[in-house]
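Here is what each chain is made of, one letter per residue.
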Amino acid sequence: MRKAISQSVLYQALVVPLIQLFVFVAISLLVIGSVILILAALFNRPVTGGMTLLQFVIRTLPQVAIDGLVIGFLYAMIALGYTMVYGVLQFINFAHSEIFMVGAFIGVELMLALAIPSTAPLMLIMAGILLAVAAGMVGSGLLAVVIERVAYRPLRGAPRLVPLISAIGVSFFLQDAVRAIEGLLNNAFYRNYPSFPILNQQIQLATFTLAGQPIQMQIQAKVIFIIIASLVMLTGLNFVVNATRLGRAIRAVAQDRPTAALMGVDVDRIIMLTFLIGGALGGATGVLFGIRVGRIDPYVGFIPGIKAFTAAVLGGIGNITGAMLGGIVLGVLEGFAGAYLSQFTGGAFGTEYKDIFAFLILILILMFRPTGLLGEQVGQKA
Amino acid sequence: MAVLELIDVHAYYGHIHALKGISFKVEPGEIVTLIGANGAGKSTTLRTISGLVRARHGRVLLNGEDITHLPPHEIVARGVGHVPEGRRVFPQLTVWENLEMGAYTVKDRREVARRMEFVFTIFPRLKERLHQKGGTLSGGEQQMLAIARALMMQPRILLMDEPSMGLAPILVESIFEVIRQLNQHGTTILLVEQNAHMALQVAHRGYVLETGRIVLEGTARELANNPQVQAAYLGMH
C-alpha cells in the first residue's frame, strides 16, 4: 500500500501538472481563438493586402497563439511568486516585480562578464544562459529572503496595509539602488543582453494551407529556450509543493498557520523558504525576459509584475495552479489583442491598446467570479 | 517527576489578562481534566503550554525542562501533542497528508509508516478515507483525524481541547472511549472539556478554572461529588 501511495504521489506531482498545463493551453487557445474567428467571420470585410479580415485572422492565428503563449508562460512564472507568498501570508509582495528586475540585471551582468562571442557554438551559448538563469535564481531568491527578514517579518503582527506600504517602499528602493549601481559602474542605467544570431533565427515549425490560406508557424530559437525553461520550472515547482515534505509544510502553513506550528513546523523557516522559491522563480524569469527583450532598465519589472499579479488574481490568488492558468490566459488574451485590435477596429485602436483590452476582459471575468478562475478556497480565508 | 508542571503562569490575550497565576501538575499515565465555563482560560492554558500564547510570567516544565520560552515547533519536538479546539484539520490536505504532518518531526520513513498503522488500529475509518481531503470529512471523522494526527507524534503528553465539541452524543461516547483506550496504552492526557460530566468520568484528577484562576482541584470523584461543581458544571441542583 505504501508503494501505491508514493507512486500515486509521483504521478500527481509530475504527470498531472503537465497534463493540466497542456489542458490549460489547449482550452485558452481554443476558447479565445474561436471567439476571434467568430468575430472575424461576423465582421468580415476587406482589410490590408487584398485579404479579408477572416483570411487575415486564419493566416496569422497560429503564430499569434505561439507568441501569446510565450508571454503567458513568463507571466505564469512571475505570478507564482505572488501567489505562493499570498498563500502563506495573505500578503501581496509588491516588491516581487523588482525581485524579477534584479534577476534580469544579475543575468545581464553575468552574460556580459562571460563575454561569450556572438558566433560561439550553440552549446556554449546555452551553457552561458543556463549559468545566467542559475545566477538570477540564486540572487533573486536570496534577495527575496532578505527583504522578508528586514521589511516584512518585523511587521507581521501589524494591520495588513502596513507591510503593503513597506513592500512598495522596497520596490522604490530596489529600482533606485539598481539605477544608482548601474549608473556608477556603467554611466548608464540600462543594459543590453548580448545578442546571438543563432538564437535570433526563426525556426519553421509548420507550413500548411487552411481554408485556402497559406499558414506559416515559426518560432524564434530563444523562445524555445524560454518555453522549455518554464515547463521545467512549473513542473518542478508542482513537484516540490505537492510531493515533498517541504511542500506539504508550505501548504499546511498556508491553510492554518498556528496548527502547522503545532505539528512541529518552524513557520518562520517555511515562510522564508516560500520567499526563496518565489524569488528564485522570479529571478529566472527576469533573465529569460531579458534575453527575449534584449534591453533592460531598473523599471522593467513594473509592467510584467503588475500583469503577473493580475494573472495570479485572475487564476485565484493563493492557488498555484490558478497562477499558471491565469498567466496563460492573460498572455494569450494580450497576444491576440495586440495582433488583431487594429484590424478589427479599422485602425481606431492600435496595438498599444492591448493592455486596456486585456484588463477589460479581466474585470469582466472577476465581476462574475470574484475569487478568480480556480480560487474557491480563498473566500474562507479572507 | 511530573510530565508537565505549570508554576504560577500568567498570560495575556491581547489586553485581556487571561491566565492569572495557573499552577498544576500532570503525572505520568494520568488523565487530568481542566473544566470551566467559556472564557475561563482553559484553551489559553493549553495554547500557553504549546507556545502559541506567550507566558508573561511563570514557568512551564516538561519532564523538569523549562519550555516556557521555546517556540511552538520546538515544544512539539520535545513531545507535546496538541489537538486544537475546533479540530483544525488541514482542509485541503488529504487524510494521509494530514497524518504525515503529524509526524513532521519524524525523519525515519519506516517509523512514520509504523505509527500510521498503529493509528489505523484505533481509527480504522481513517484508512478508508486515506485519499480524501480533510475538509470533506464529517465532524466526527475530522475529530478522529485531529487526534490521530497528534498521535503520529507519539507525544509524551497529549493536550486535547474540547474533543467532544459539536459532535452527536453517540460520537461523544466513542471519542471518550478512544481517550480511555489511549490512556490504557500509556498516553498521558491533559483534557479540556465543557462536557464536565464526561470529562470527570474518564479523568483521574481535575482542576476547575474560573476567570483565569484555579478555584478547585481534586480527584475526579471528589470533583464530581462536590456540590459547587455539580451546580455549576454538571447541571444538577
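One can find the structure itself at the top, above this paragraph.
This one's a predicted model, so the numbers in the text were calculated from it and none came from an experiment.

Kindly report on the pairing of strand β3 (residues 213-220) of chain A, identifying the contributing residues and their values.
All names here are of chain A. Side chains of β3 alternate between two faces, with Q213, I215, M217 and I219 buried and P214, Q216, Q218 and Q220 left unburied. Of the strand pairs in this sheet, strand β2 (residues 202-210) and β3 are connected by eight bridges, and their pairing is antiparallel. Paired with F208 across the strands is I215, a residue of β3.

Lay out helix α5 (residues 161-186) of chain A in plain terms, naming residues and giving numbers.
Spanning 26 residues, α5(A) covers 37 Å between terminal C-alpha atoms, matching the ideal 38 Å at 1.5 Å per step. Of all the positions in α5(A), only P163(A), S166(A), A167(A), V170(A), S171(A), L174(A), Q175(A), V178(A) and E182(A) are classed as buried.

How would you summarise the sheet that holds strand β2 (residues 16-26) of chain B if you had to cite specific residues and measurements?
Residues and elements named next belong to chain B. Strand order in this open sheet of four strands is β2-β1-β4-β5, and the pairing throughout is antiparallel. Where the open sheet ends on each side, the last strands, each with one partner, are β2 and β5 (65-66). Bridge count between strand β4 (residues 55-62) and β5: two bridges; the pairing is antiparallel. Looking at β5, one finds that L62 is bridged to E65.

How would you sum up the interface of chain A and chain B? Please name residues and give values.
At the interface, 25 residues of chain A touch 28 residues of chain B. Carbon and sulfur atoms make up 63% of the surface buried where chain A meets chain B, a total of about 2600 Å² over both sides. Considering only the side of chain A, the residues that lose the most area to chain B are R248(A), L262(A) and M263(A), jointly responsible for 29% of the buried surface there. Linking chain A with chain B are three salt bridges, by the criterion used here. We note a salt bridge from R248(A) to E100(B), for which the minimum N-O separation is 3.0 Å.

Which residues make up the layout of surface pockets, and what values go with them?
Residue and element names in this part refer to chain A. Approximately 510 Å³ is the volume found for the second largest pocket. For the second largest pocket, the lining is made up of 20 residues, of which V31, I32, V35, L333 and I361 are closest to its centre. For the lining of the second largest pocket, the secondary structure elements donating two or more residues are α1 (2-42), α12 (320-344) and α13 (354-368). Class assignment of the residues belonging to the lining of the second largest pocket gives a composition of 19 nonpolar, one polar and no charged.

Analysis parameters
Residues numbered from 1 in each chain as written. Chains lettered and ligands numbered in written order. Predicted model: local features only at pLDDT ≥ 70, side-chain atom pairs only at ≥ 80, totals over all residues. Heavy atoms only, no water. Buried < 20%, exposed > 50% of the residue type's maximum accessible area, 1.4 Å probe, protein only. Helix = DSSP H or I, 4+ residues; strand = E, 2+ residues; numbered from the N terminus. Pairing = 2+ DSSP bridges. Expected span 1.5 Å × (residues − 1). Contact = heavy atoms within 4.5 Å. Buried area = accessible area lost by both parts, 1.4 Å probe. Salt bridge = Lys/Arg side-chain N within 4 Å of Asp/Glu carboxyl O. 1 Å grid on protein atoms, 1.4 Å probe; cavity = no way out; pocket = protein on both sides within 12 Å on 5 of 7 lines; lining within 4 Å. Points joined across faces, edges and corners; volume = space filled by probe spheres on them. Nonpolar A, V, L, I, M, F, W, Y, C, P; charged D, E, K, R; others polar.

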